[in-house]
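Each chain, letter by letter, is given below.
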Protein chains: 2
Amino acid sequence: MSQNGGGIDLDKSLGYLLKEASSALRAAMEEVLRPLGMSVTHYSCLELLAQRPGLSNSELARGAFVTRQTMNVLLQALERDGYVTRPAEAPVGKVLPTRLTPRGRRSLEKATIAVRSVEVRMLAGMTETEQSDAFRILQSMIRSLRDGNDGA
Amino acid sequence: MSQNGGGIDLDKSLGYLLKEASSALRAAMEEVLRPLGMSVTHYSCLELLAQRPGLSNSELARGAFVTRQTMNVLLQALERDGYVTRPAEAPVGKVLPTRLTPRGRRSLEKATIAVRSVEVRMLAGMTETEQSDAFRILQSMIRSLRDGNDGA
DNA sequence: TAATCTATGTCAGGATACTGACATGAGTCA
DNA sequence: TGACTCATGTCAGTATCCTGACATAGATTA
């Protein structure tokens, strides 16, 4: 019944399932972040800065999977509201190293708790072996997709 | 070094990896669909209709992971350009069953070939066992995330 | 040194998807 | 039958993110 002339069977497609899982994860994260007035990209930016202080706009963009233009707009808002600081002039080159303010750190703490609950829920019912399998398999998929992008 | 005070270690987070994989997949699909003048949502809509002719606007939206408003705009464009047809009046209720036209079917054929190449590339280097593992694990993650949405 | 290439930060405009809102049709229940 | 609930299609406004473009700083190369 689900066999169409050469088409891709969505019910059996790993790509479709990947999109579905990602969509469900994003929706779950939006749900817990909304009460905190924070978007997923917003949270990603703060979490990246907590782990690697001094990241530049472009590096943050790559880490949050958006363009540097999009991240730039977000950083301007975060800076205006006092969550992050950037030097007025670049210490070297054009790169402006960004850092969390105490206020940004406090804001992140609540968000981290919320996001962790989603991650825990997602992992519920998976054995340790399945979790490491998932990790390895996802990395394999990413590597395969990236290699073909501009490598050949 | 990547240990921050109670934060989420992105390098070890399955959620982050899932987002990365999904982002890579989407980029790869956009790359092969762009020469055909087709977006991912555009393609998803056509593929859904090929497998389940007569799907409604709302059903297509859920299948493509967008809102019904977004899908409605897309369907209006696809109808205007002759890729799909919808009856002027609903046979029953308000639901307008949508079907591919021959032109839509031809357009989908090329897209399917392009998307299949991406899927094949993504699966490269994975054993059959790993593929079925990935399938089962992703389904587990989706189920866990959905259950907590409005269930409790 | 000078030329070229690459990466960065930023501005402007446009594409895409979402939230809010409304009227309508179908099912449920008293 | 009538009130209620729910899902649908659709319009309008908004938010979000992207593409295109520019000037500039550092690295690379001749």
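Nothing here was measured: the structure is a model prediction, and the numbers come from that model. (Residues numbered from 1 in each chain as written. Chains lettered and ligands numbered in written order. Predicted model: local features only at pLDDT ≥ 70, side-chain atom pairs only at ≥ 80, totals over all residues. Heavy atoms only, no water.)

**Q** A description of the overall build of chain A should follow, citing residues and the corresponding values.
**A** For chain A, the helix and strand inventory stands at six helices and two strands. When the helices and strands of chain A are placed in sequence order, the string is α-α-α-α-β-β-α-α. Over its C-alpha trace chain A gives a radius of gyration of 19 Å, far above what one expects of a compact globule, namely 15 Å for 152 residues. If you line up chain A on its principal axes, its C-alpha atoms span 60 × 40 × 30 Å. Every one of the 152 residues in chain A was classed for burial, and the buried ones make up 47%. Intrachain contacts of chain A at a sequence separation of at least 6 include 46% that bridge at least 24 residues. Positive and negative side-chain charges in chain A, numbering 20 and 17 respectively, have mean positions lying 7 Å apart. (Helix = DSSP H or I, 4+ residues; strand = E, 2+ residues; numbered from the N terminus. Rg over C-alpha atoms; globule rule 2.2 N^0.38 Å. Buried < 20%, exposed > 50% of the residue type's maximum accessible area, 1.4 Å probe, protein only. Contact = heavy atoms within 4.5 Å. Lys, Arg positive; Asp, Glu negative; His and termini not counted. Charge placed at Lys NZ, Arg CZ, Asp CG, Glu CD.)

**Q** I'd like a description of the protein's contact with DNA strand D, backed by residues and values.
**A** Taken together, 19 residues are adjacent to DNA strand D, and A:T41, A:T70, B:S58, B:R68 and B:N72 come closest. Put simply, 59% of the atoms of DNA strand D that lie within 4 Å of the protein are in sugar or phosphate. Here a base nitrogen of DNA strand D and a side-chain polar atom of A:K94 are 3.5 Å apart. Residue assignment for the surface near DNA strand D shows that the elements contributing at least two residues are α4 (68–80) of chain A together with α3 (57–64) and α4 (68–80) of chain B. In terms of residues, the surface near DNA strand D owes the most to one element, α4(B), which gives four residues. By residue class, the composition of the surface near DNA strand D is three nonpolar, eleven polar and five charged. (Near = heavy atom within 4 Å. Polar contact = N/O pair within 3.5 Å; in protein donor to acceptor, adjacent residues only side chain to side chain. Nonpolar A, V, L, I, M, F, W, Y, C, P; charged D, E, K, R; others polar.)

**Q** For the UniProt feature "domain: HTH marR-type" (unreviewed entry) in chain A, give the residues involved together with the corresponding values.
**A** As recorded in UniProt, the feature "domain: HTH marR-type" (unreviewed entry) lies at residues 11–143 of chain A. As a span, residues 11–143 of chain A carries 68% helix and 3% strand, and end to end its C-alpha atoms are 24 Å apart. (UniProt positions renumbered as here; feature names shortened; annotations may be inferred.)

**Q** Tell me what's going on with the packing of aromatic side chains, and back it up with residues and numbers.
**A** The way to describe two aromatic rings as a pair is by their centre distance and the angle between their planes. One pass over the full model with this rule turns up two aromatic pairs over all chains. Ring plane angle 40° and centroid distance 5.4 Å describe the contact between A:F65 and B:Y16, whose orientation is recorded as tilted. In this pair, A:F65 sits in the loop between α3 (57–64) and α4 while B:Y16 sits in helix α1 (residues 14–33), so the two residues belong to two different chains. Residue classification places A:F65 among the partly exposed residues on the basis of a relative accessible area of 22%. Above the face of the B:Y83 ring, B:R103 is positioned so that its terminal group lies 4.8 Å from the ring centre. (Phe/Tyr/Trp six-rings, centres within 6.5 Å; stacked < 30°, edge-to-face > 60°. Lys NZ or Arg CZ within 6 Å of the ring centre and 35° of its normal.)

**Q** Can you lay out the interface of chain B and chain A for me, pointing to particular residues and giving the numbers?
**A** It is common to give the size of an interface as the accessible area lost on bringing the parts into contact. Every contact between the two is made by 62 residues of chain B and, on the other side, 62 residues of chain A. The contact between chain B and chain A buries some 5,900 Å² in all, and 62% of this surface belongs to carbon and sulfur atoms. B:E130 is the partner of A:R136 in a salt bridge, and the nearest nitrogen-oxygen pair spans 2.6 Å. The tally of links between chain B and chain A comes to 15 residue pairs in polar contact (both at pLDDT 80 or more). Put simply, the parts of the chain that give the side of chain B that touches chain A at least two residues each are α1, α2 (40–51), α3, α5 (102–123) and α6 (128–150) of chain B. (Buried area = accessible area lost by both parts, 1.4 Å probe. Salt bridge = Lys/Arg side-chain N within 4 Å of Asp/Glu carboxyl O.)

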